[in-house]
Amino acid sequence: MFDKKKLSNAPHNIVTWISNRILSNLPEFQLFIIDNSPDIIAIQETFLQPANFLNFANYTTYCTDRTSHRGGAYNHSPEENKFAHHLINIFRNRHNCFIIGDLNARHQSWKPTSRNNPAGNTLLSSSQNYGIDIIAPNKPTYHPNNQHNQSSAIDLGLAKGIQNISVSTSEDLSSDHNPVYFLVGLDSMILQPQNRILLTNTMCGNPPINDLKEIRLSSL
């Protein structure tokens, strides 16, 4: 869901959260929206039925409810190369791309006390091979109900072509996952040469186009 009144070139406050049954936490979540005013919220594991629909003032909601089985985060197949294949499909031919959510990927590179799992190894390798930035907070995002299991940082952001992203997390919502906040500066997007050529050839006087500021100046 995103706030249709706030989209602009200013930095965007984007939140991802595993709600673990959104209806049971709905009053708390409504206060969270008022207090934090996020531009975009990615909610997973809502356990909503097709008859349920979230409707918040000034937000447009998109949903893909799954009723066949539980869960909503990324579930890895036994063959971890399929995880890499999915990542490649998402980022292929996209110069500016940002995805967020629970990737179930653990690695010491983004949480030093973690025990690496196959998904974490695959994610790190894919990020190095395909120029993907892994954006992770410096605190755990997942606190399992079983105290014998270790807290971990598995709610992550993956970015390509966007350089100015800061991340934080908090315990503002009731779930075994904490909400994760990404402040994304769209002015930091890297324009590719083919985009610059297209824009230059379609603006009067063929002005130089190297960043978003020059695009705005050229349109005045």
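Looking at an unreviewed UniProt entry, one finds the chain named Putative RNA-directed DNA polymerase from transposon X-element and attributed to Nephila pilipes.

Looking at this model, I keep getting lost on the overall build of the chain. Mind explaining?
Helices and strands together make up the secondary structure of the chain, namely 5 helices and 9 strands. Starting at the N terminus, the α and β elements of the chain follow one another as β-β-α-β-β-α-β-α-β-β-β-β-α-α. Every one of the 220 residues in the chain was classed for burial, and the buried ones make up 40%. Expressed as a percentage of contacts within the chain between residues at least 6 apart in sequence, the contacts between residues at least 24 apart total 66%. Within the structure as shown, the chain displays about 12,500 Å² of accessible surface, and the carbon and sulfur contribution to it stands at 50%.

Just checking my understanding: could you explain the sheet that holds strand β7 (residues 155-160) for this structure?
Consider a sheet: its strands pair through backbone hydrogen bonds, and that pairing is either parallel or antiparallel. If you walk across this open sheet you meet the 3 strands as β5-β7-β6, and the pairing is antiparallel. Across the chains shown, the open sheet's two edge strands, defined by having one partner strand only, are β5 (97-102) and β6 (133-135). When strand polarity is set aside, the average angle formed by the axes of neighbouring strands in this sheet is 20 degrees. Relative to β7, β6 is paired through 3 bridges, and the arrangement is antiparallel. Directly across from Asp133, in β7, lies its bridge partner Ala159.

Cut-offs used in this document
Residues numbered from 1 in each chain as written. Predicted model: local features only at pLDDT ≥ 70, side-chain atom pairs only at ≥ 80, totals over all residues. Heavy atoms only, no water. Helix = DSSP H or I, 4+ residues; strand = E, 2+ residues; numbered from the N terminus. Buried < 20%, exposed > 50% of the residue type's maximum accessible area, 1.4 Å probe, protein only. Contact = heavy atoms within 4.5 Å. Areas by Shrake-Rupley, 256 points an atom, 1.4 Å probe, with all protein chains shown as cover. Pairing = 2+ DSSP bridges. Axes fitted to C-alpha atoms, helices over the stretch in contact; angles between N-to-C directions.

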